[in-house]
Amino acid sequence: MENDLYMDIPPATTATGRRKPRVIAVANQKGGVGKTTTTVSLGAAAAELGHRVLIVDLDPQGNASTGLGINPRNLTSTMYDVIISQIPLDDAIEASIVKNLFIAPSNLDLAGAEIELVPAMSRESRLKSAISGVADDFDMVLIDCPPSLGLLTINAFAAASEVLVPIQCEYYALEGLGQLLRNVTLVQRNLNPTLAVSTIVLVMFDARTKLAAQVAKEVRAHFDEKVCRTVIPRTVRLSEAPSFGQPITVYAPSSRGAIAYRDLALEVAGSRKPV
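Computed from a prediction, not measured in an experiment: that's the story for all the values here.

Description of the overall build of the protein chain
In terms of regular secondary structure, the protein chain is built from eleven helices and eight strands. For a compact globule of 275 residues, the expected C-alpha radius of gyration is about 19 Å, and the protein chain comes in at 17 Å, within 12% of that figure. Burial statistics for the protein chain: of 275 residues in total, 54% are counted as buried. In the form shown here, the protein chain has an accessible surface area of approximately 12,400 Å², with 52% of it arising from carbon and sulfur atoms. Side chains of the protein chain give 26 positive and 28 negative charges; the mean places of these two sets differ by 6 Å.

This is the structure:
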């Protein structure tokens, strides 16, 4: 792992003088590691703190969208239209049930985008261009990446300034992470020199097992200060919330999972300060 993967994120402003949004790609090559749960829950908790948050659902499974109560059958515009037809991102954004939290939804149409992007002009930078059109409207943009390293994820890395990696506290926790970091390095060198792995989040932590503690210790040894102090527990409530179309902060606001994601939001985003 190279040191330049972990550079500090410099502050920046838009043409209007407003601070540019933090654009964070939430990525892990492995599926089932709590990536979408972390995207939705962190976004909802940050919105509670006063940040205007946009979640970009870049996963064709659309779990971030349905997890916020969006019916994929009722959508007129999705991230497929943004990426392939290059419609304005603002045309695809939907409000959520959480104040300050918005979603640019996806559905299975996005699965074809990987193939359709291959011959396309500026294929790696379409998401970056789309997000620039709404930069004045948000404090934070969280991109829920698919569990693969194709052109959709490359678009996310080209658009983002940071990568947040959820790592489950289970056996093979670091599996696939080396390839993810190599891809981040490639994008740094060729498309986005400001990209950095800024945050590692330990998720699915079961305090009853020695394995979870061992994995957490190993991850902290590898990534040091990039690992958040907050650890997300494995809870039934976190698993249930998406089926009700609600983030954990709404579905079970006093649960351990909701409290953990609020703590994580404070650690990652802090309280919203006036510009």
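Side note on the side chain of Ser198
Turning to its location among the elements, Ser198 is positioned in strand 7 (residues 196–205). Take Ser198: its relative accessible area is 16%, and that puts it in the buried class. A distance of 3.1 Å separates a polar atom in the side chain of Ser198 from a polar atom in the side chain of Thr199. Once residues within four sequence positions are removed from consideration, Ser198 is found in contact with Glu162, Val163 and Lys226.

Some points on the pairing of strand 5 (residues 140–144)
Buried residues dominate strand 5, accounting for five of its five residues. Here strand 5 shows no split at all, with Met140, Leu142 and Asp144 on one side and Val141 and Ile143 on the other all buried. In terms of strand pairing, strand 1 (residues 22–26) meets strand 5 through five bridges, oriented parallel. Looking at the pairing, Ala25 lines up with Ile143 of strand 5. Relative to strand 5, strand 2 (residues 53–57) runs parallel, the two being bridged by five bridges. Within strand 5, the position partnered with Asp57 by the bridge is Asp144.

Quick look at helix 11 (residues 256–268)
For helix 11, which comprises 13 residues, the first-to-last C-alpha distance of 18 Å matches the rise-based estimate of 18 Å (1.5 Å per residue) to within 8%. Considered for burial, the residues of helix 11 that qualify are Gly257, Ala258, Ala260, Tyr261, Leu264, Ala265 and Val268. An end-on view of helix 11 places all buried positions within 160° of arc, on one side of the element. At the exit of helix 11 stands Gly270, carrying a positive phi of roughly 75°.

Section: a negative patch on the surface
Side chains of Asp90, Asp91, Asp136 and Asp137 sit close together on the surface and give a patch of like negative charge. Relative to the helices and strands, Asp90 is located in the loop between helix 3 (79–85) and strand 3 (94–95). Residue class for Asp90 comes out partly exposed when judged on its relative accessible area of 48%.

Section: the packing of aromatic side chains
Summed over all chains, the structure comprises two aromatic pairs. Centroid distance Phe102 to Phe138: 5.7 Å. Interplanar angle 70°. Geometry classified as edge-to-face. Of the two residues, Phe102 sits in strand 4 (residues 101–104) while Phe138 sits in the loop between helix 5 (126–132) and strand 5, which places them 36 residues apart along the sequence. Look at Phe138 and you get buried, because its relative accessible area is 3%. Between the NZ or CZ atom of Arg52 and the centre of the ring of Phe138, over which it lies, the distance is 5.4 Å.

Things to note about the sheet that holds strand 5
Spatially, 3-4-2-5-1-6-7-8 is the arrangement adopted by the eight strands of the open sheet, whose pairing is mixed. The open sheet terminates on both sides in strands that have one partner only, identified here as strand 3 and strand 8 (227–233). Examined bridge by bridge, strand 2 and strand 4 share four bridges and lie parallel to one another. Bridge assignment links Leu54 to a residue of strand 4, and that residue is Phe102. Helix 1 (residues 35–48) rests against strand 1, strand 2, strand 4, strand 5, strand 6 (162–168) and strand 7 of the sheet, and its axis sits at about 165° to strand 5. Packed on one face of the sheet, helix 7 (residues 177–190) meets strand 6 and strand 7 and runs near 175° to strand 6.

Rules and cut-offs
- Residues numbered from 1 in each chain as written.
- Predicted model: local features only at pLDDT ≥ 70, side-chain atom pairs only at ≥ 80, totals over all residues.
- Heavy atoms only, no water.
- Helix = DSSP H or I, 4+ residues; strand = E, 2+ residues; numbered from the N terminus.
- Rg over C-alpha atoms; globule rule 2.2 N^0.38 Å.
- Buried < 20%, exposed > 50% of the residue type's maximum accessible area, 1.4 Å probe, protein only.
- Areas by Shrake-Rupley, 256 points an atom, 1.4 Å probe, with all protein chains shown as cover.
- Lys, Arg positive; Asp, Glu negative; His and termini not counted.
- Charge placed at Lys NZ, Arg CZ, Asp CG, Glu CD.
- Polar contact = N/O pair within 3.5 Å; in protein donor to acceptor, adjacent residues only side chain to side chain.
- Contact = heavy atoms within 4.5 Å.
- Pairing = 2+ DSSP bridges.
- Expected span 1.5 Å × (residues − 1).
- Arc of directions from axis to C-beta.
- Patch = residues over 30% accessible without salt bridge, like charges linked within 9 Å, V, L, I, M, F, W, Y side chains within 5 Å.
- Salt bridge = Lys/Arg side-chain N within 4 Å of Asp/Glu carboxyl O.
- Phe/Tyr/Trp six-rings, centres within 6.5 Å; stacked < 30°, edge-to-face > 60°.
- Lys NZ or Arg CZ within 6 Å of the ring centre and 35° of its normal.
- Axes fitted to C-alpha atoms, helices over the stretch in contact; angles between N-to-C directions.

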